Amino acid sequence: MDSLLTATDVSIPSAFVLDVGVTLERGWAVVEANPCWGAGLYGCEPQRVLEVLRGSLKHRALMKDGDWRWTSPRVKARRYELGSRS
């Protein structure tokens, strides 16, 4: 998992949740990635969860070009409707 998170050729959003588990065939594995607001606490430290949630929220005026690829189609459409009024 560390190699996935530190790989420079892998594009990841600023905040997300990785579900991991142990498989019989390969040992530890990433099961899926999800938006952080859709995850339960599952024994996590609430303060750390709040930090991740805060990291996932950005005002559109502060978003960089790379951030837009992780937004929903509805949010992207709104970006273009607003034009330069970001």
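Just so it is clear, the structure is predicted and the values come from calculations on it, not from any experiment. (Residues numbered from 1 in each chain as written. Predicted model: local features only at pLDDT ≥ 70, side-chain atom pairs only at ≥ 80, totals over all residues. Heavy atoms only, no water.)

Things to note about the side chain of Asp67
Put simply, the test is: Helix and strand definitions here come from DSSP, where helices need a minimum of 4 consecutive H or I residues and strands a minimum of 2 consecutive E residues; each element is numbered from the N-terminal end. Only protein chains enter the accessibility calculation, which uses a 1.4 Å probe. A residue is then buried if its area is under 20% of the maximum for its type, exposed if over 50%, and partly exposed in between. Identification of polar contacts relies on pairs of N or O atoms within 3.5 Å, with a donor-acceptor requirement for protein atoms, meaning one able to donate a hydrogen and the other able to accept it, and with residues adjacent in sequence counted only if both atoms are side-chain atoms.
Inspection of the secondary structure puts Asp67 in the loop between α2 (46-56) and α3 (73-82). When its relative accessible area of 17% is taken as the criterion, Asp67 is described as buried. In terms of polar contacts, Asp67 uses its side chain to reach the side chain of Lys58, at 3.1 Å.

Overview of a nonpolar patch on the surface
Quick reminder of the rule: Within this analysis, patches are made of residues with over 30% relative accessible area and no salt bridge. Like charges are joined at 9 Å or less; nonpolar side chains (Val, Leu, Ile, Met, Phe, Trp, Tyr) at 5 Å or less. Where accessible areas are quoted, they stem from the Shrake-Rupley method and a 1.4 Å probe; at the residue level, only the protein chains shown are allowed to cover. A pairing counts as a salt bridge when a side-chain nitrogen of Lys or Arg comes within 4 Å of a carboxyl oxygen of Asp or Glu.
Together, Leu4, Leu5, Val10, Ile12, Val20, Val22, Trp28 and Val30 make up a nonpolar patch on the protein surface, roughly 700 Å² of accessible area in all. Secondary structure elements with two or more residues in the nonpolar patch: α1 (2-6), β1 (17-23) and β2 (27-34). Note that Trp28 resides in strand β2. We classify Trp28 as exposed; its relative accessible area is 66%.

What to know about the confidence of the model for the protein chain
Low pLDDT marks regions whose predicted coordinates should not be analysed in detail. Inclusion rule: Values of pLDDT, which run from 0 to 100, indicate the predictor's confidence residue by residue.
Confidence along the protein chain averages 80 in pLDDT terms, with 93% of residues attaining 70 or more. Across the protein chain, the element-wise mean pLDDT spans from 74 in α1 up to 87 in β1.

Notes on the environment of Val30
Applied cut-off: We call two residues in contact when some of their heavy atoms are within 4.5 Å.
Tracing the backbone through its elements, the reader meets Val30 in strand β2. In this structure the C-alpha to C-alpha distance between Val30 and Val20, which are ten residues apart in sequence, comes to 4.4 Å. Residues in contact with Val30, not counting those within four places in the same chain, are Leu4, Leu18, Asp19 and Val20.

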